[in-house]
Amino acid sequence: MTAVRSDVPAGELDRFAERHAAATGYHLTGWLGVIERAFGHETQYLAATSGNGIEGVLPLVFFSSRVFGRFAVSMPFLNYGGVVADDLSVRRALVDRAIEETRSRRGSHLELRHSGQLCPELAPKRHKVAMRLPLASDPDQQWEALDRKVRNQVRKGEKSQLTVAQGGSELVDDFYSVFAHNMRDLGTPVYGRAFFAEVMRTFADRARIFVVHHDGKPMAASLVFWHRSMIEVPWASALRASNPFSANVLLYWHMLKFSVERGFAVFDFGRSTPNAGTFHFKRQWGAQPLELVWEYWNASGAAPESLNPDNPKFDLAIRVWQRLPVSVATAIGPHVIRHIP
């Protein structure tokens, strides 16, 4: 008989996430620890077990805010999450328990971030796509596969006296200086530096930071994370002042080259809104869209309000945020964004 528990040891959960074909790197227990320490949210890791061991998992993060309300997400701040199960009955048991846990905290809704519709009984939202590129077997082949325009932009970056560094926690400050500045320019509250420091500390063997410098100043930066044969760039930014140098294009080429040299099969450029600027930037590298399906249980039966910059309700707030000094936006941003998944 299958039972849904929240007390399965982390080691067993991680072994399941490593071996199950449908699990992502974000199903590793370390991510809940990162979110707890960086944002202070309550977390819970549900697992369906039987005499045969673990049959399914569902990590949860609970939000509670006077402004944004109470709700649960799997997984917030990240591109993937949701339920992983051996069969339909196990999936339903995990989702039912997640709904119970959300209800018990007076939550308005539960959000599950899937890369396909898994739960027909839930309301789907198809507003984002992942952009994925199958990788060549060596850097030369990957270079030849690039569009001629992209190769010319990479060459321009190489001739612009740019340097590219890659490493771990020692590059968090350089990464964050670019990321925070770019988020202000976009009118979006920025995560706190502690979040990225926690990511690099927790996943030192699965994550890498890339930084492009010009005259010693960070101009473009990214953080990549990998799981099995796929490597993903969930966070990347470039200063607008770096555009004439093609720093962002050089950054992406170095990430691709690193990925090929490490033997990864797929490069995930992260999620985008279809036909938005970032969508077309990623597509020029040869990446193809994969529809993401975020599935919802809603206590009221109505769709939850969209808490992202695409919501026209936030247009004025975005314009105001863009006018803030970077130092002010960076100080205030983490207190706001921790409540927005």
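Sequence order as written defines the numbering, with residues in each chain counted from 1. In view of the model being predicted, local features appear only for residues whose pLDDT reaches at least 70, and side-chain atom pairs are presented and counted only at 80 or more, with totals across whole chains, interfaces and linings using the full set of residues. Excluded from the side-chain calculation are hydrogens and water; included are all heavy atoms of the structure.

Asker: Would you mind showing me how to read the layout of surface pockets here?
Answerer: Over the atoms rolls a probe the size of a water molecule, and in doing so it shows where empty space is left. In this analysis, the protein atoms alone were mapped onto a 1 Å grid. Cavities are point sets where a 1.4 Å probe fits without being able to get out; pockets are open sets with protein on both sides within 12 Å along at least five of seven lines; lining residues have an atom within 4 Å of a point. Grid points are joined across faces, edges and corners, and a volume is the space filled by probe spheres set on the points. Reported here for the second largest pocket is a volume of approximately 500 Å³. Forming the walls of the second largest pocket are 28 residues, and the residues nearest its centre are A21, A22, A23, T24 and S115. Secondary structure counts use DSSP, requiring at least four H or I residues in a row for a helix and at least two E residues in a row for a strand, with both numbered from the N terminus. Elements with a minimum of two residues in the lining of the second largest pocket: β5 (84–85), β6 (109–114), β10 (217–227) and β11 (230–238).

Asker: Just to check I follow, could you spell out the pattern of salt bridges for this structure?
Answerer: When their charged atoms lie close together, side chains carrying opposite charge are able to pair. Criterion for a salt bridge: a side-chain nitrogen of Lys or Arg within 4 Å of a carboxyl oxygen of Asp or Glu. Under the counting rule described, the total for this entry stands at twelve salt bridges. A salt bridge links E101 to R105, with the shortest nitrogen-to-oxygen separation between them at 2.8 Å. The shortest N-O distance in the salt bridge between R201 and E198 comes to 3.0 Å. Of this pair, R201 and E198 both sit in helix α7 (residues 193–202), separated by three residues, roughly a single helical turn.

Asker: What's the story with helix α3 (residues 88–104) in this structure? I'm lost.
Answerer: An α-helical turn contains 3.6 residues, so any two residues separated by three or four positions project in the same direction. Taking 1.5 Å of rise per residue, the 17 residues of α3 would be expected to cover 24 Å, and the 24 Å separating its terminal C-alpha atoms lies within 8% of that figure. Buried residues of α3: V90, L94, V95, R97, A98, I99, E101 and T102, and no others. R106, located one to two residues past α3, shows a positive phi value of around 55 degrees. Each helix should span, by expectation, one fewer than its residue count multiplied by 1.5 Å. Only protein chains enter the area calculation, which uses a 1.4 Å probe; residues under 20% of their type maximum are buried, those over 50% are exposed, and those in between are partly exposed.

Asker: Can you help me understand the side chain of T24 in this one?
Answerer: Within the fold, T24 resides in the loop between α1 (10–19) and α2 (30–39). Look at T24 and you get buried, because its relative accessible area is 19%. By definition in these notes, contact holds between two residues if any of their heavy atoms fall within 4.5 Å. With residues near it in sequence (within four places) discarded, T24 still touches Y80 and H227.

Such coordinate-based values are descriptive only and should not be taken to indicate function.
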